[in-house]
Amino acid sequence: MKNFKNSIAVKSPKKGLLVTAILIAQLGLAQEKTEFKGTIGKTLADSKEYWPDPVKAPKDAPNVVWILLDDVGFGAATAFGGLINTPTFDNLANNGLRYTNFHTTAICAPTRAALLTGRNSGRVHVSGFSHTILSAGFPGWDGRIPSDKGTIAEILRENGYNTFAVGKYGVTPDEDATDAGPFDRWPTGKGFDHFYGFLGSQTDQYNPDLVEDQVHIKPDGRHLNELITDKAISYIQKQQKAAPGKPFFLYYAPGAVHAPHQVAEKWVEPYKGKFDEGWDVYREKVLANQKKLGVIPQNAVLPERNALITEWKKLTPDQKKVYARFMEVYAGFLTYTDYEIGRVVDYLKQSGQLDNTLIFVAIGDNGASKEGTLQGTINQSLFSQGKTDEENFQSNLNNIGEIGTAKGLNTNYPLGWAQATNAPFKNWKQDAQSEGGTRNPLIVFYPNGIKDKGGIRNQYSHVTDLLPTTLDIAGIKAPEYIKNIKQDIIQGSTFKASLDNPKAESLHKVQYYYIFGNRAIYKDGWKASAAHLPDSFAVKKSIGSNEKPAPSNFDTDVWELYNLNEDFNERNNLAKKDPEKLAELQKLFDEQAKENNVYPLIDWQDVYNRRIHNTGADKGKTVSDLIKQATKPGGTNN
């Protein structure tokens with residue numbers, strides 16, 4: 001007890017015993033105190049009861065649905081010019097708004113932490129992940145969101161909403177993610193009345209590491225997308241039956257289309273042969289579509305093909321066959337995900353709730369995934385050791401029939417398709433220095449609140465902005481306290497004004513980015529960025545081989561400078577032309593890094609070489625050991 005600094009000592013009036021009343025607020029479990037406004041007499045006759053009014057949402061407050069997909073590039077979905085059919089997204093965008101300048105953090109857990117709290121990922125302790133192998137014992141890196149950084153679910157629940165989450169959560173520490181808990185960092189401990197999904201970053205779509213509320217449960221063999229959609233609809237049905245008209249918040253975050261890409265063949269069949277022209281032609285077609293839609297400038301030019309990617313026409317017939325199959329499966333997976341989301345939208349329409357429902361659709365929590373490597377993967381682990389590209393390709397060719405099936409436990413498409421589905425940007429997921437890592441499509445749909453249906457908005461925005469924008473639209477003020485815990489500032493900015501005004505000023509002026517070495521700083525349309533070397537490819541390649549990458553040195557990373565107002569996809573590096581501007585932004589990055597707990601800088605070498613979180617029972621274990629440990633049934637999934 002004496003370790004708690006904020007304890008209160010109280011004398012017992014009868015026995016004189018010292019009773020220590022711990023301030024439960026320090027544990028995030030305090031109950032709100034309500035002032036008693038009645039009268040207490042000696043008898044009931046001279047007393048007056050008092051019952052506080054139940055908390056109610058503001059009059060006509062909308063239902064709120066946040067939809068967050070996983071690993072989708074800017075140029076994948078037809079809603080933003082891609083070649084993968086997404087009729088639900090198309091319909092929502094055509095009757096809502098397309099936001100073309102929306103940004104994530106470049107990787108999943110930091111994006112989710114920032115989204116749920118409205119604060120930068122480092123400030124809420126998730127610069128990396130909540131996984132043992134990707135977290136570190138520093139304020140910005142331990143993966144444990146503090147109680148003074150309340151989530152959107154906590155805020156809305158305390159303002160008269162019911163709150164539900166389905167799908168991927170991704171910010172519960174591995175150490176807590178068993179049926180023994182503790183449960184304060186599970187979704188139900190962070191403001192959600194109900195949760196149904198998985199706590200980790202990746203899971204098998206047919207045999208997911210499934211959780212309902214606070215218990216691991218056995219899946220029934222159906223696809224996870226179907227399971228979470230059924231559950232989301234049932235939550236809303238039961239809630240509306242019990243409390244008709246009470247608003248709800250639904251956080252719908254499928255594991256799709258993160259690896260493993262697993263989907264029924266009927267969804268893949270329509271794409272047979274659709275990608276035989278290859279990834280170079282795909283990029284050109286998407287660029288043309290995006291110009292027609294008006295989601296990119298009419299004078300836009302594609303960046304050069306990345307040096308790692310082979311020109312499609314130079315590939316062998318076997319390579320084309322295997323790579324095309326990977327893309328057909330990915331496309332089918334995305335279209336199927338769109339269909340399941342459509343089931344939720346259709347239910348809201350049929351039940352008469354859609355007009356007063358505010359829907360945000362973030363098509364991706366980062367850019368397209370580069371974790372499929374140059375060859376694509378079926379069962380190869382992200383941390384696998386010792387196989388050459390040629391060996392991996394031959395394995396994929398020999399097992400081509402497993403791509404997209406339940407047998408493919410880590411199916412992910414080759415890097416060439418990641419580049420293609422990221423059109424018109426360069427680079428990929430993890431690349432926090434690049435728009436290709438951080439720029440994702442955003443759709444805002446709200447029939448009762450949007451008049452400019454089908455409109456396009458180009459204001460800069462960030463994933464931290466969804467929380468304050470939601471509160472602004474709902475007429476709810478961010479609370480000073482949640483459960484008697486004083487709350488930290490919310491760093492995101494509302495963009496509600498842009499719903500009515502396409503020329504509304506962006507209130508989000510400054511934003512840092514950092515993912516395992518890659519870093520950038522944005523200010524008023526200018527951006528300075530540095531790719532960190534050796535990158536994850538070089539570090540991974542060194543495992544189990546004699547090719548050791550050079551030691552990382554943050555001081556030798558090369559910074560670039562871009563004016564995104566004139567050069568939205570970073571083709572014209574101005575670092576040499578305007579060194580003063582670059583220096584100004586580098587200084588700003590340092591200030592933001594200090595303010596948001598980004599230091600110390602941790603990179604992929606630190607991860608792969610087990611320099612972080614290498615304590616206790618996990619001391620001395622390899623990355624592969626911890627991956628296996630994290631993916632045991634009833635545990636967590638990395």
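Residues numbered from 1 in each chain as written. Predicted model: local features only at pLDDT ≥ 70, side-chain atom pairs only at ≥ 80, totals over all residues. Heavy atoms only, no water.

Colleague: Hey, could you go over the environment of Lys 285 for me, with residue numbers and the actual values?
Modeller: By the secondary structure assignment, Lys 285 is in helix α6 (residues 279-293). In sequence terms Lys 285 and Val 344 are 59 residues apart; their C-alpha atoms lie 31 Å from each other. (Helix = DSSP H or I, 4+ residues; strand = E, 2+ residues; numbered from the N terminus.)

Colleague: Could you give an account of empty space enclosed by the protein, naming the residues involved and the relevant values?
Modeller: In this approach the atoms are scanned with a rolling probe the size of a water molecule, which exposes any empty space left behind. All chains considered together, the criterion is met by 4 cavities of 30 Å³ or more. For the second largest cavity, the calculated volume is near 60 Å³. Residue lining of the second largest cavity: Thr 105, Asn 120, Ser 121, His 462, Gln 511, Tyr 512, Tyr 513, Tyr 514 and Ile 515, and that is the complete set. Here the lining of the second largest cavity takes 5 residues from strand β16 (residues 510-515), the largest share from any one element. Counted by class, the lining of the second largest cavity contains 4 nonpolar, 5 polar and no charged residues. (1 Å grid on protein atoms, 1.4 Å probe; cavity = no way out; pocket = protein on both sides within 12 Å on 5 of 7 lines; lining within 4 Å. Points joined across faces, edges and corners; volume = space filled by probe spheres on them. Nonpolar A, V, L, I, M, F, W, Y, C, P; charged D, E, K, R; others polar.)

Colleague: Requested: an account of the pattern of salt bridges, with residues and values cited.
Modeller: Side-chain pairs of opposite charge can arise whenever the charged atoms involved come near each other. In the structure shown here, the tally under the stated rule is 38 salt bridges. A salt bridge links Lys 429 to Asp 71, with the nearest nitrogen and oxygen atoms 3.2 Å apart. Of the two residues, Lys 429 is situated in the loop between α9 (415-421) and α10 (435-438) and Asp 71 in the loop between β3 (63-68) and α1 (87-94); the sequence distance between them amounts to 358 residues. The partner of Arg 123 in a salt bridge is Asp 488, and the shortest N-O contact between them spans 2.7 Å. (Salt bridge = Lys/Arg side-chain N within 4 Å of Asp/Glu carboxyl O.)

Colleague: Let's hear about the nonpolar core: which residues, and what values?
Modeller: Within the largest apolar cluster, 92 residues are counted, with the highest numbers of intra-cluster contacts made by Trp 66, Tyr 161, Phe 249, Tyr 251, Leu 442 and Phe 516. Broken down by element, this core gets its largest block of residues, 6 residues, from helix α2 (residues 108-117). Counting 81 residues, the second largest nonpolar core, distinct from the first, contains Phe 80, Val 166, Ile 233 and Trp 312. (Core = buried A, V, L, I, M, F, W, Y, C linked by side-chain atoms within 4.5 Å. Buried < 20%, exposed > 50% of the residue type's maximum accessible area, 1.4 Å probe, protein only.)

Colleague: Give me helix α8 (residues 389-398): which residues, what numbers.
Modeller: Along α8, the residues classified as buried are Asn 392, Phe 393, Asn 396 and Leu 397. In an axial view of α8, the angular spread of the buried residues amounts to 140°, which keeps them on one side of the axis. Across α8 from its buried face, at more than 90 degrees, point the exposed residues Glu 390 and Asn 398. Those residues of α8 that are buried lie in contact with α7 (317-350). (Arc of directions from axis to C-beta. Contact = heavy atoms within 4.5 Å.)

Colleague: Outline the packing of aromatic side chains, supporting the account with residue identities and numerical values.
Modeller: Working definition: an aromatic ring pair is given by the centre-to-centre distance plus the angle between the planes. Under the criterion given, the structure shown has 31 aromatic pairs. Judged by centre distance (6.1 Å) and plane angle (85°), the rings of Trp 141 and Tyr 514 are edge-to-face. In this pair, Trp 141 is assigned in the loop between α2 and α3 (152-157) and Tyr 514 in strand β16, connecting sequence segments 373 residues apart. For Tyr 514, a relative accessible area of 4% corresponds to the buried category. Here the aromatic rings of Tyr 282 and Trp 417 are separated by 6.0 Å at their centres, their planes lie at 85°, and the arrangement is edge-to-face. Placement of the pair is Tyr 282 in helix α6 and Trp 417 in helix α9, with a sequence separation of 135 residues. (Phe/Tyr/Trp six-rings, centres within 6.5 Å; stacked < 30°, edge-to-face > 60°.)

Colleague: Please give an account of the pairing of β16 that cites residues and values.
Modeller: Regular strands have side chains that alternate between both faces of the sheet. Of all 6 residues making up β16, 5 are buried, and the element is well covered by its neighbours. Pairing of β16 with strand β17 (residues 518-523) involves 6 bridges; the strand directions are antiparallel. Across the sheet, the residue bridging to Tyr 514 is Arg 519, located in β17. (Pairing = 2+ DSSP bridges.)

Colleague: Please set out the packing of α1 against α7 residue by residue, giving values where relevant.
Modeller: Running from N to C, α1 and α7 point in directions that differ by 50°, and their axes come no closer than 7 Å. Judged by the angle between their axes, α1 and α7 are oblique. Facing α1, whose interface residues are Pro 87, Thr 88, Phe 89 and Leu 92, α7 presents Asp 338, Ile 341, Gly 342 and Val 345. (Axes fitted to C-alpha atoms, helices over the stretch in contact; angles between N-to-C directions. Parallel < 35°, antiparallel > 145°, perpendicular 65-115°, else oblique.)

Colleague: Outline the sheet that holds strand β18 (residues 526-530), listing residues and values.
Modeller: Pairing within the open sheet is antiparallel, and its 4 strands lie in the order β16-β17-β18-β19. Of all strands in the sheet, those with a lone pairing partner are β16 and β19 (559-563), marking the two edges. On average, adjacent strands in this sheet sit at an angle of 10° to one another, irrespective of strand direction. Of the strands in this sheet, β16, β17, β18 and β19 are in contact with helix α14 (residues 579-595), which crosses β17 at around 110°.

Colleague: Report on the environment of Leu 466, specifying residues and quantitative values.
Modeller: Along the polypeptide, Leu 466 turns up in helix α11 (residues 466-474). Using a relative accessible area of 3% as the deciding quantity, one classes Leu 466 as buried. If we ignore the near neighbours within four places in the chain, the residues touching Leu 466 are Trp 66, Phe 102, Leu 115, Phe 360, Leu 442 and Phe 495.

Colleague: So what about the packing of α7 against α8? Which residues, and what values?
Modeller: In contact at an axis separation of 10 Å, α7 and α8 are set at 70° when each is read in the N-to-C sense. The angle between α7 and α8 places the two elements in the roughly perpendicular class. Where α7 abuts α8, its residues Asp 318, Gln 319, Lys 321, Val 322, Tyr 323 and Phe 326 lie against Phe 393, Asn 396 and Leu 397. Broken down by class, the residue content of the contact of α7 with α8 amounts to 5 nonpolar, 2 polar and 2 charged.

Colleague: I'd like a description of the confidence of the model for the protein, backed by residues and values.
Modeller: For the protein, the mean per-residue pLDDT works out to 92, and 91% of the residues sit at or above 70. Per-residue pLDDT stays below 50 along residues 1-31; that stretch engages in 33 contacts with residues further than four places along the chain or on separate chains. Low confidence marks residues 632-638, where pLDDT is under 50. Its contacts with residues over four positions away, or in another chain, come to 30 contacts. (pLDDT = per-residue confidence, 0-100.)

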